[in-house]
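Chain by chain, the residues run as shown.
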Amino acid sequence: MNTESDRIRVALRWALETSANASVAAADWIAQDIDPTQPSAIALLTRPDVPLQHLAQAKQAYKTMRILGESAADRRVGGVMYLAAIAAAIVLHGVRISRQSDRALLRGLRRLREDSSIPSPLADLARRAVEVLQATPSKLKEI
Amino acid sequence: MNKRAASLTKTDWSLIQEAGGDGADAAAALEQLARRYWPPVYAYIRSTGRDVHEAADLTQGFVCEVIMQRQLFNRADPMRGRFRALLVTALRNYLAQVHRSGVNRGRPIEPSMISPAEIAASEVRTHVAPEQAFCMQWSATLISRVLEQVREGCLSSGQEAHWVVFEQRVARPLLLNERPEEYEHLVKRLELESASQAANMMVTVKRRFARTLIAEVRNTIEDPDEAEAELHDLLRGLDASQPGEGAK
């Protein structure tokens, strides 16, 4: 953050982001909190070189948002991002960061893949995670 | 609600109406408005090339003559446009009048109104256009006011830990360039369950800040539905101040 006007600009934009979509803004703020260089949750979860540690942090934060979010929309967005973080770890690192059973995980990821209301990069992430899970589930490391 | 909290929740337009009346309440409202708006006025004047002392004198002159004696706020009409624009126009006219007459009729305000420390804290870049300096200081003042409201709201609703997380993770790093406090420390210090809980607390307060900011912006414009347009306008004003930034 270089200048005073940059900093003021960031704070003013929070208001516009909340006006546009409060729940998506909340998910984006969590992503920016984990990695300040990322502009959004989608960017954090789909970037090819995202560290596994960031995905694990994101999964935990979105899991909490899914349960404790202020509104139904928050909880829904939290749920989507939670699954997307798990999918990203599978696709980008070959690692499972969830203790859910294969069956439960596949059910959730397929639901995400078929959800036409979510941004296409996340649906694509879910599709690729389903493919990996179906093809080589035993090769995934677990943390 | 104490007097300070009450003044924080009053809208600009309700303060303006109150300032147009008589008695102690009107005087208090007038002082509240003057205190709220002198920093951008000072920034504007300083950016016209005046030195610190002359800018401070002219700021005092504008506050005394135009805001208090001529009761600028009494003439303000919410139906006639944005309050920010009204203030800039009045200020521009005042400076032109001072320039024509060759006399700065500014007179000292009570020392408590604008202290040297406040002047120093409001020091601005002198090489940006006056309107841009005004916009920047207006926005900074707005953000300070909103932060204070959010802080008081958190403390009065038993969400002190929420505020501390927001302050340490977001507000201080953003506004003071400080390093964010590690979640691990915050969880321990505030006796929270987890970092993910703390992250969601941060989001809760950041959202409250955003909503309070929108509400504050609505207070200064004629049509509450124009809040987003006003925010975009402020952002444009800040963008315009970018090129020359850096030196003081």
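Here's what I pulled together on the structure shown here. This is a predicted model, so every value here is computed, not measured. (Residues numbered from 1 in each chain as written. Chains lettered and ligands numbered in written order. Predicted model: local features only at pLDDT ≥ 70, side-chain atom pairs only at ≥ 80, totals over all residues.)

**Here we look at the overall build of chain A**
Right, on to step 1. When you go through chain A residue by residue, the secondary structure sums to seven helices and two strands.
Right, on to step 2. Overall, chain A shows an N-to-C arrangement of helices and strands of α-α-α-α-α-β-α-α-β.
Right, on to step 3. For 143 residues, the compact-globule estimate of 2.2 N^0.38 gives 15 Å, and chain A sits close to it at 16 Å.
Right, on to step 4. Seen through its C-alpha atoms, chain A measures out along the principal axes to roughly 50 × 30 × 25 Å.
Right, on to step 5. Relative to its 143 residues, chain A shows a buried fraction of 44%.
Right, on to step 6. Counting only contacts in chain A whose residues sit at least 6 apart along the sequence, the fraction spanning at least 24 positions is 56%. (Helix = DSSP H or I, 4+ residues; strand = E, 2+ residues; numbered from the N terminus. Rg over C-alpha atoms; globule rule 2.2 N^0.38 Å. Buried ≥ 20, exposed ≤ 12 C-beta atoms within 10 Å, placed from the backbone. Contact = placed C-beta atoms within 7 Å.)

**Considering the interface of chain A and chain B**
Many structure descriptions define interface size as the accessible area lost when the parts assemble.
Right, on to step 1. Taken together, the contacts link 26 residues of chain A with 30 residues of chain B.
Right, on to step 2. Within the residue set of the side of chain A that touches chain B, elements represented by two or more residues are α1 (4–20), α2 (22–34) and α4 (52–68) of chain A.
Right, on to step 3. For the side of chain A that touches chain B, the element with the highest residue contribution is α1(A), accounting for 12 residues.
Right, on to step 4. Considering only residue class, the side of chain A that touches chain B consists of 15 nonpolar, six polar and five charged. (Nonpolar A, V, L, I, M, F, W, Y, C, P; charged D, E, K, R; others polar.)

**Structural notes on α2(A)**
Residue and element names in this part refer to chain A.
Right, on to step 1. Helix length check: α2 (13 residues) gives 19 Å between terminal C-alpha atoms against 18 Å at 1.5 Å per residue, within 8%.
Right, on to step 2. For α2, the buried fraction is high: 11 of the 13 residues fall into the buried class.
Right, on to step 3. Listed as buried for α2 are S23, V24, A25, A26, A27, D28, W29, I30, A31, D33 and I34. (Expected span 1.5 Å × (residues − 1).)

**Section: the packing of α1(A) against helix α11 (residues 195–219) of chain B**
Right, on to step 1. With their axes 8 Å apart at the nearest point, α1(A) and α11(B) run at an angle of 95 degrees to one another. Overall, the two elements α1(A) and α11(B) adopt an arrangement that is roughly perpendicular. Residue-level inspection shows W14(A), A15(A), T18(A) and S19(A) of α1(A) in contact with α11(B), the latter providing K206(B), R207(B), F209(B), A210(B), R211(B), L213(B) and I214(B).
Right, on to step 2. For the contact of α1(A) with α11(B), the per-class residue count stands at six nonpolar, two polar and three charged. (Axes fitted to C-alpha atoms, helices over the stretch in contact; angles between N-to-C directions. Parallel < 35°, antiparallel > 145°, perpendicular 65-115°, else oblique.)

**Topic: helix α7 (residues 120–135) of chain A**
All names here are of chain A.
Right, on to step 1. In this model α7 runs 22 Å from its N-terminal to its C-terminal C-alpha over 16 residues, within 8% of the 22 Å that 1.5 Å per residue would give.
Right, on to step 2. Every buried residue belonging to α7 is among L122, L125, A126, A129 and V130, and all of these are buried. Viewed along the axis of α7, the buried residues span an arc of 140 degrees, placing them on a single side of the element. In α7, those exposed residues whose orientation departs by more than 90 degrees from the buried face are S120, Q134 and A135.
Right, on to step 3. Looking at the buried side of α7, the elements it contacts are α3 (41–46), α5 (72–93) and α6 (102–114). (Arc of directions from axis to C-beta.)

**Details of unusual backbone geometry**
Residue and element names in this part refer to chain B.
Right, on to step 1. The phi torsion at N177 lies on the positive side, around 60 degrees, for a residue other than glycine.
Right, on to step 2. Secondary-structure assignment places N177 in the loop between α9 (160–176) and α10 (183–190).
Right, on to step 3. The phi torsion at E191 lies on the positive side, around 55 degrees, for a residue other than glycine.
Right, on to step 4. Summarising the element assignment, E191 is placed in the loop between α10 and α11.

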